[in-house]
Amino acid sequence: MIDMTIGILGGGQLGRMLALAGYPLGLRLRFLDPAAEAPVKDLSELNVAPYDDYEALRRFAQDCDLITYEFENVPAESARFLSSMRAIYPPPKALDASQDRFAEKNFFQSLSIPTPRFALVASAEDLKRAIQQIGLPAVLKTRRMGYDGKGQTIVREQSDLLQTWEALGRTSLILEEFIQFERELSMLAVRSRTGELAFYPLVENHHRDGILRLSLAPAPGVSAQLQALAESYARKILEALNYVGVLALELFDVGALCAVPLLANEMAPRVHNSGHWTIEGAVTSQFENHLRAILGWPLGSIEPRGYCAMLNLIGRVPNSETVLKIPGAHLHLYGKSPRPGRKLGHITLCETSEELLEAKLAQLQALL
Ligand code: AMP
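Residues numbered from 1 in each chain as written. Predicted model: local features only at pLDDT ≥ 70, side-chain atom pairs only at ≥ 80, totals over all residues. Heavy atoms only, no water.

Student: Mind showing me how you'd approach helix 3 (residues 76-83) here?
Tutor: Because each turn of an α-helix spans 3.6 residues, side chains separated by three or four positions end up pointing in the same direction. Along helix 3, the residues classified as buried are Ala76, Ser78, Ala79 and Leu82. Each buried residue of helix 3 sits inside an arc of 160 degrees when the element is viewed along its axis, so together they form one side. Packed against the buried residues of helix 3 are strand 1 (5-9), helix 2 (54-62), strand 4 (66-69), strand 5 (87-88) and helix 4 (92-99). (Buried < 20%, exposed > 50% of the residue type's maximum accessible area, 1.4 Å probe, protein only. Helix = DSSP H or I, 4+ residues; strand = E, 2+ residues; numbered from the N terminus. Arc of directions from axis to C-beta. Contact = heavy atoms within 4.5 Å.)

Here is the structure:
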């Protein structure tokens with residue numbers, strides 16, 4: 001047994017999968033989450049407390065050797081408070097950059113990473129100015145607390161504007177150019193405490209109602225140049241933040257004919273839903289590599305084991321036995337109670353050819 005306890009802020013499904021990757025490595029894990037019913041509750045020690053309960057955070061830090069997080073809306077101040085007691089990775093400044101869409105887009109641009117054009121909207125006058133600058137259609141997004149498509153609306157007509165602003169709560173927003181992308185991709189990158197880097201192959205992501213439904217990995221038809229371009233964006237971010245751990249970068253693929261084929265949409269300083277395929281589909285999973293990175297251990301190979309698809313189970317779960325009848329289907333259930341729009345589990349397929357994957361995926365989709 002390695003005498004090492006890792007503390008994780010957030011006890012959702014990502015925490016659960018981190019724990020499942022950590023136990024074979026001999027690690028002890030301990031979680032802090034405001035919900036007593038958090039998905040990690042059955043497999044790890046769970047401290048139930050709000051993320052801004054400083055006394056609870058202090059006690060939590062005392063029981064851990066090293067801290068990380070699986071929830072990107074942990075208050076950056078809480079992460080800083082913890083960093084005065086224990087090493088915390090990824091660094092709290094990654095939370096500053098990712099929690100505010102305006103700061104995030106400025107950060108990308110400061111690194112010469114192209115993004116959709118955007119403008120800050122803090123008042124009704126700003127909104128008019130922003131529309132003149134960006135044009136329509138455009139996407140109006142809250143600066144903070146947006147995820148799974150929440151806190152954003154597409155604006156098509158000038159007349160929709162004020163109404164949309166009111167609906168989003170008259171808070172501070174950004175207006176973004178609407179991108180007619182060919183597809184959405186994500187780059188999962190890892191940087192260890194030693195500076196070692198690893199980049200998974202690009203993943204193709206399909207959303208419905210703003211929620212990720214399906215990931216294909218490696219993304220079909222990605223050229224070596226496109227992979228290298230995505231890696232170059234991720235490398236800049238990792239190095240600028242002196243980042244440690246897994247980082248997910250969401251990208252819009254606007255096509256090889258464009259001068260700039262990839263635009264950065266947003267980043268998540270944590271393991272990511274579009275990397276779940278790596279559990280069975282890569283030599284080393286994103287979860288294991290995140291733990292290796294924060295411990296300063298050698299990173300594992302990111303090589304894919306085949307052609308993979310990951311389907312999220314949203315709102316309801318199918319009968320397990322029916323899924324498991326499909327040879328090679330890997331079922332993951334998170335132990336959450338069903339609710340519309342809630343991610344309850346996922347299924348991964350990993351096949352030896354694209355044709356086989358397509359056939360199995362059709363079989364699975366028909367079943368679901
Ligand atoms: P976000 O919360 O920024 O990741 O946005 C959620 C989803 O909305 C993205 O995955 C895209 O499908 C879509 N989206 C976000 N921003 C834009 C944009 N500027 N143009 C077109 N679609 C967008």
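From this point, the narrative continues.
Student: Whenever I open this one, the domain arrangement of the chain confuses me. Can you help?
Tutor: Reports often express the size of an interface as the amount of accessible area lost when the parts come together. Domains assigned within the chain are domain 1 (5-88), domain 2 (117-177) and domain 3 (183-367). Using C-alpha coordinates to define each centre, domain 1 is positioned 34 Å away from domain 2. (Domains from an automatic or database assignment.)

Student: What should I look at first to understand the packing of aromatic side chains in this one?
Tutor: What characterises a pair of aromatic rings is the spacing of the ring centres plus the angle enclosed by the ring planes. For the coordinates displayed, the defined rule picks out 6 aromatic pairs. A ring pair is formed by Phe107 and Phe108, whose centres lie 6.4 Å apart and whose planes are at 35 degrees; its orientation type is tilted. The same class applies to Phe107 and to Phe108, which are both buried. Here the aromatic rings of Tyr200 and Trp277 are separated by 6.2 Å at their centres, their planes lie at 80 degrees, and the arrangement is edge-to-face. Taken together, the residues Tyr200 in the loop between strand 11 (197-199) and strand 12 (203-208) and Trp277 in the loop between strand 15 (262-268) and helix 9 (278-281) connect sequence positions 77 residues apart. For Tyr200, a relative accessible area of 0% corresponds to the buried category. The class for Trp277 is buried, based on a relative accessible area of 0%. Arg156 extends its terminal NZ or CZ atom over the ring of Phe178, reaching a point 6.0 Å from the ring centre. (Phe/Tyr/Trp six-rings, centres within 6.5 Å; stacked < 30°, edge-to-face > 60°. Lys NZ or Arg CZ within 6 Å of the ring centre and 35° of its normal.)

Student: Explain the sheet that holds strand 3 (residues 45-48) to me, please; I cannot follow it from the model alone.
Tutor: Adjacent strands of a sheet form backbone hydrogen bonds with each other and so pair up, either parallel or antiparallel. Pairing in this open sheet of 5 strands is parallel, and the strands run 3-2-1-4-5 from one edge to the other. In the strand order of this sheet, the two ends are held by strand 3 and strand 5, each with one partner. Across 5 bridges, the pairing between strand 1 and strand 2 (residues 28-33) is parallel. Within the sheet, the bridge partner assigned to Ile6 lies in strand 2 and is Leu29. Across the face of the sheet, helix 2 comes into contact with strand 1, strand 2, strand 3 and strand 4 while running at roughly 175 degrees to strand 2. (Pairing = 2+ DSSP bridges. Axes fitted to C-alpha atoms, helices over the stretch in contact; angles between N-to-C directions.)

Student: Just to check I follow, could you spell out the site of the ligand for this structure?
Tutor: Taken together, 15 residues sit near the ligand, with Lys141, Gln152, Glu177, Glu184 and Glu266 positioned nearest. Within the side chain of Glu184, one N or O atom sits 2.5 Å away from an oxygen atom of the ligand. Those elements that place two or more of their residues in the shell around the ligand are strand 7 (138-142), strand 9 (173-177), strand 14 (245-253) and strand 15. Here the shell around the ligand spans two domains, and each of domain 2 (117-177) and domain 3 (183-367) adds at least three residues to it. (Near = heavy atom within 4 Å. Polar contact = N/O pair within 3.5 Å; in protein donor to acceptor, adjacent residues only side chain to side chain.)

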